[in-house]
Amino acid sequence: VQLQASGGGLVQAGGSLRVSCAASGDTFSSYAMGWFRQAPGKDREFVAGIAWRGGSTKYADSVKGRFTISRDNAKSTVYLQMNSLKSEDTAVYYCAADWKAPVVAPEPWEYDYWGQGTQVTVSS
């Protein structure tokens, strides 16, 4: 499956942004989807994930209550709505797909496919 992330940009602290990830080439509904981010000099970290069936979600503690992950299987797209953004949310955001995963995995090595990333910059 091919993943194309979009929607990043520059936003002020306290603002909102929605990033999207469009999939093509395979049955999107069979993939658990995750969002990860990587800031300069830091490891890639899990942000949020959504199951391939049942719709269960998982969030990193740092974004709980501020970020919401959702998916539209008809559009083969996963979204990450980011509210109350902070400067520490600045990073390149990547989407990833995990084929028929029994649970949403926070470990990046569990994912089979990755998008190219979209830059999110939060100014303070």
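I will try to describe carefully the structure that is included in this document. If you're wondering where the values come from, they're calculated on a predicted model, not measured in any experiment. (Residues numbered from 1 in each chain as written. Predicted model: local features only at pLDDT ≥ 70, side-chain atom pairs only at ≥ 80, totals over all residues. Heavy atoms only, no water.)

### So, the pairing of strand β3 (residues 17-24)
Where we set the bar: Here, a strand pair is defined by DSSP locating no fewer than two bridges between the strands. Going along the chain from the N terminus, every DSSP run of H or I of four or more residues is numbered as a helix, and every run of E of two or more is numbered as a strand.
Where strand β1 (residues 2-6) and β3 come together, five bridges link them in antiparallel fashion. Its bridge partner lying in β3, Gln2 is registered against Ser24. As paired strands, β3 and strand β8 (residues 77-82) are joined by six bridges and run antiparallel to one another. Across the sheet, the residue bridging to Cys21 is Val78, located in β8.

### Concerning the nonpolar core
So the rule is basically this: We define a nonpolar core as any set of buried Ala, Val, Leu, Ile, Met, Phe, Trp, Tyr and Cys residues linked to one another through side-chain atoms lying within 4.5 Å. Between buried and exposed lies partly exposed: a residue is buried under 20% and exposed over 50% of the maximum accessible area for its type, with that area taken using a 1.4 Å probe on protein chains only.
Counting residues in hydrophobic clusters, the biggest one holds 31 residues, and the most contacted among them are Met33, Trp35, Leu80, Met82 and Tyr93. Of all the secondary-structure elements, those providing two or more residues to this core are β1, β3, β4 (31-38), β5 (45-50), β7 (67-72), β8, β9 (91-99) and β11 (118-123).

### Concerning the sheet that holds β7
Put simply, the rule is: Between N-to-C directions, angles span 0 to 180 degrees; the directions come from axes that are lines fitted to C-alpha atoms, helices contributing only their stretch in contact.
The four strands are arranged β1-β3-β8-β7 in an open sheet whose pairing can be described as antiparallel. In this open sheet, the two edge strands, each paired with only one partner strand, are β1 and β7. Here the average twist between neighbouring strands, direction ignored, is 15 degrees.

### Things to note about the state of the cysteines
Rules: In what follows, a disulfide is any cysteine sulfur pair within 2.5 Å.
Applying the stated criterion across every chain yields a total of one disulfide. A sulfur-sulfur separation of 2.1 Å characterises the disulfide bridge that pairs Cys21 with Cys95. Where Cys21 bonds to Cys95 through sulfur, the torsion about that S-S bond is close to 60 degrees, and the disulfide is right-handed. Here Cys21 is found in strand β3, whereas its partner Cys95 is found in strand β9, with 74 residues between them in sequence. Accessibility assignment for this pair places Cys21 and Cys95 in one class, buried.

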